[in-house]
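# Observations on the three-dimensional arrangement
Below are the chains, spelled out letter by letter.
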Protein chains: 2
Amino acid sequence: MQKVPYKIYLEEKEIPKVWYNIRADMPNPHDPFINPGTLKPIKLDDFLPVFCKELAEQELDDTHQYIEIPDEIYEYYKTYRPSPLVRAYNLEKELKTPAKIYYKFEGNNTSGSHKLNSAAAQVYYAKKQGLTKLTTETGAGQWGTALAMACAYFKMDLTVYMVKVSYEQKPFRKAVIQTYGADVVPSPSETTEIGRKILSENPGTGGSLGCAISEAMEAALKSNNCRYVLGSVLNHVLMHQSVIGLETKAAFEKIDAYPDIIIGCAGGGSNAGGLMSPFIKDKFDKKHNPYLILVEPASCPSLTRGRYTYDFCDTGRITPLAKMYTVGNGYIPSPNHAGGLRFHGMSPILSKLYHDRVIDEARAEEQTNVFEAATLFAKCETILPAPESSHAIKVAIDEAIKCRESGESKTILFGLSGTGYFDMLAYTQFMDKTMTDYIPTDADLEKGFATIPKFPGLE
Amino acid sequence: MQKVPYKIYLEEKEIPKVWYNIRADMPNPHDPFINPGTLKPIKLDDFLPVFCKELAEQELDDTHQYIEIPDEIYEYYKTYRPSPLVRAYNLEKELKTPAKIYYKFEGNNTSGSHKLNSAAAQVYYAKKQGLTKLTTETGAGQWGTALAMACAYFKMDLTVYMVKVSYEQKPFRKAVIQTYGADVVPSPSETTEIGRKILSENPGTGGSLGCAISEAMEAALKSNNCRYVLGSVLNHVLMHQSVIGLETKAAFEKIDAYPDIIIGCAGGGSNAGGLMSPFIKDKFDKKHNPYLILVEPASCPSLTRGRYTYDFCDTGRITPLAKMYTVGNGYIPSPNHAGGLRFHGMSPILSKLYHDRVIDEARAEEQTNVFEAATLFAKCETILPAPESSHAIKVAIDEAIKCRESGESKTILFGLSGTGYFDMLAYTQFMDKTMTDYIPTDADLEKGFATIPKFPGLE
């Protein structure tokens, strides 16, 4: 029998021509965004001052199963896609497991992650509408880098509000974003009203994604030619990321295999949602029933310890309300938390699918264990993984060890969403044993929950 | 007509099964290494205290045209090879050139460069011989990273002597090497006799590859179970790197094309030699006659301003003598020089081929121009290139602009040997306009030339 190659590459012409919009197939739709002023579901017009029109339409679209990828975006995809599905032979050998481990590797582009899949789409639609400038936030920096790359290609101006703790810990990540021509502002900053307010209330804060979102939105609202774009959480972002899962399914078809377990790390949910959604369609269609696991950091446990309720997506409370798992828009992860996955909420789509147990499980992992898994993976598989992605690696290893114990040769798939080349400070802390874990106490979480707004009739 | 895809990937089974040993085909062989004690050509026994046996044999082998790649190395190659040949459509469009630009991209592995091709081979042979430890030097850090990755995989101990200026400018590169389990020592160091001597003569020196080589060799000679390995310059390294050119030729065959111009950046010569040698075979066979250009930094101009003579490969003068283009073993590039390509000499094979004008041209480029080319390339082609590789980009752009002016649609190939993720300090200096150029004066070069040894009958 022909051994499966290490890397299963599709041909260029096999890059998916469409994105998959899982909302069209969900038997129980997720709850709509709510306008916090009217307490009514968000309509297209509510979005237009913030988002460009085509993205706003995509955000609200729960009817079209597939959306065609425009030629201009498809051309850009061709510069770095298809990404490989990799058989982790060396890791399997190291773990002495009968499991077959696969990972979809989205890190082989300069953004170092899957984020470019949605960045290219968002910049293209903004350009098409005649806009000249975008604003966004970035945490660990992958999204900011991806957007800067896409803006350089489509020739758009960009200002990136970078969570201050990342800005300081990752000067070289910032430099990459600048090399592609974007401005980078540490958040919270003095350049916005919300930034000044947050700074006066929390002097010395390292910032959070929630703060940076507020600042980027405020800046976008000031100009007619400018809109705000977001790298995760939103429905259209998850839809763009479905290219990951569609390619993965096509690659598995080539080798006549199908995963028993699918594992994705989840901060806002775009990577896990993109990887899983085409497989969830198979669940809806009762063709396959893979076991789905979302992995989050123990220090920001929205799925495993949060509440499923309406909350703002930002700390400044200027976004619509989203029904999601949340630890509260005012929750800021401990500064000892390395890497991304620091958003207080979770994609409304994934939240609903998890709430309905279509997604089977969520696990929270502590970062020292995650870096231990990352280091083992790097040594076996050669790739230095991002801390975010390493949450999925940790669980894949645990599941493979279970297979060793039970003797089962399950097929395990995880998303290797990115590389860790700009996370070496965290790797150094891990090696020096100065890295610590942080598990919020119930009292810590209560403080976060207290920032979830209470509106009559909404929960 | 079918448009050539952006990325031409071979299948896994098309990874070359052999390395190409150009010495077997050179009509005029390069001059042999000389033992500085006896002034006679080096014999196998001279090499054995320093190199493991199989590599020493390969170093002296000028008869076997092809050497089979052992299975264990081939398996490792499969984890990150084949590398793509990429058509630079976006760069062509930006330059409005009728030229067809291709690059062979060797940076899509965590070492960020082609260096892994030889690292895997060298570690395997050392392991096979029963050795337990290796020493080496690294400049910009790619070689040290590659070797650490291969040592982690084959389970060997490793000490890396890292040129001090890189050690200080690239703490995160150092951390990657450590993550894979290797020790890193800044060179010159107090841990070797030669290091102490160099430090006493040049207090505050930023070091050089020549110094680091001396230290790594001295450390290796102290132990029976330890050998020294080198990432460039040597004949066997160039041979391992022929996998680059062999894959490139196979990819061009797939699209029924052949390059008119081939451009490689050259420090010690392993990347350019690996890319070019299979094409040089076509020159020997009079099948094709591509125009070959080597590109080096203006601050370390061994080919364009150096002498073709016998010199030591290291500053401590403990290596054999090699006939090569050299600016003198005591030449240390100005500390303002960013990136690698800082070796004082050049591969004896490439030196001979250039001296005989089989390689048509060498050019020296100043670093601000190189970073300008790098930034343009990054914006068009999405990949952030290594400063080293950007020397080749600069010349590829110049040649493409000539084509625009002449209306010729030449096929231009260059080696994109690596990525610049750990070179952001240099990119920042370029953006801040604090980066300066350095062209050594004739007097500067004379100081280097004065360190070239004079032996009767040798030149």
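### Quick look at the environment of A:Phe33
Residue and element names in this part refer to chain A. Inspection of the secondary structure puts Phe33 in the loop between strand S2 (18–20) and helix H1 (44–47). Placed 289 residues apart in sequence, Phe33 and Ala322 show a C-alpha to C-alpha distance of 4.9 Å. With residues up to four places along the chain from it excluded, the contact list for Phe33 reads Lys40, Pro41, Ile42, Phe47, Glu59, Leu234, Asn235, Pro320, Leu321, Ala322 and Pro348.

### Overview of the pairing of strand S5 (residues 100–105) of chain A
Consecutive residues of a regular strand have side chains that alternate between opposite faces of the sheet. Residues and elements named next belong to chain A. Counting buried positions along S5 yields five of six residues, so the element is predominantly enclosed. Pairing of strand S4 (residues 85–87) with S5, which is carried by three bridges, proceeds in the antiparallel orientation. Counted as the bridge partner of Leu85 is Lys104 from S5. Pairing of S5 with strand S15 (residues 411–416) involves six bridges; the strand directions are parallel.

### Examining the pattern of salt bridges
Scanning the model with the defined rule gives 54 salt bridges over all chains in all. Close ionic contact of A:Glu361 with A:Arg363 constitutes a salt bridge, the shortest N to O distance being 2.6 Å. Both residues of the pair, A:Glu361 and A:Arg363, count as buried. The salt bridge partner of B:Asp423 is B:Lys170, with a shortest N-O separation of 2.6 Å. In this pair, B:Asp423 is assigned in the loop between strand S15 (411–416) and helix H17 (424–432) and B:Lys170 in the loop between helix H7 (164–169) and helix H8 (171–179), connecting sequence segments 253 residues apart. The class for B:Asp423 is buried, based on a relative accessible area of 3%. A residue is classified by how much of its surface remains accessible, and B:Lys170, at 6% relative accessible area, is buried.

### Observations concerning the confidence of the model for chain A
Overall, the predicted model of chain A reaches an average pLDDT of 95, with 100% of residues at or above 70. The complex prediction reports pTM at 0.95, with the ipTM value standing at 0.93.

Thresholds, definitions, all that
Residues numbered from 1 in each chain as written. Chains lettered and ligands numbered in written order. Predicted model: local features only at pLDDT ≥ 70, side-chain atom pairs only at ≥ 80, totals over all residues. Heavy atoms only, no water. Helix = DSSP H or I, 4+ residues; strand = E, 2+ residues; numbered from the N terminus. Contact = heavy atoms within 4.5 Å. Buried < 20%, exposed > 50% of the residue type's maximum accessible area, 1.4 Å probe, protein only. Pairing = 2+ DSSP bridges. Salt bridge = Lys/Arg side-chain N within 4 Å of Asp/Glu carboxyl O. pLDDT = per-residue confidence, 0-100.

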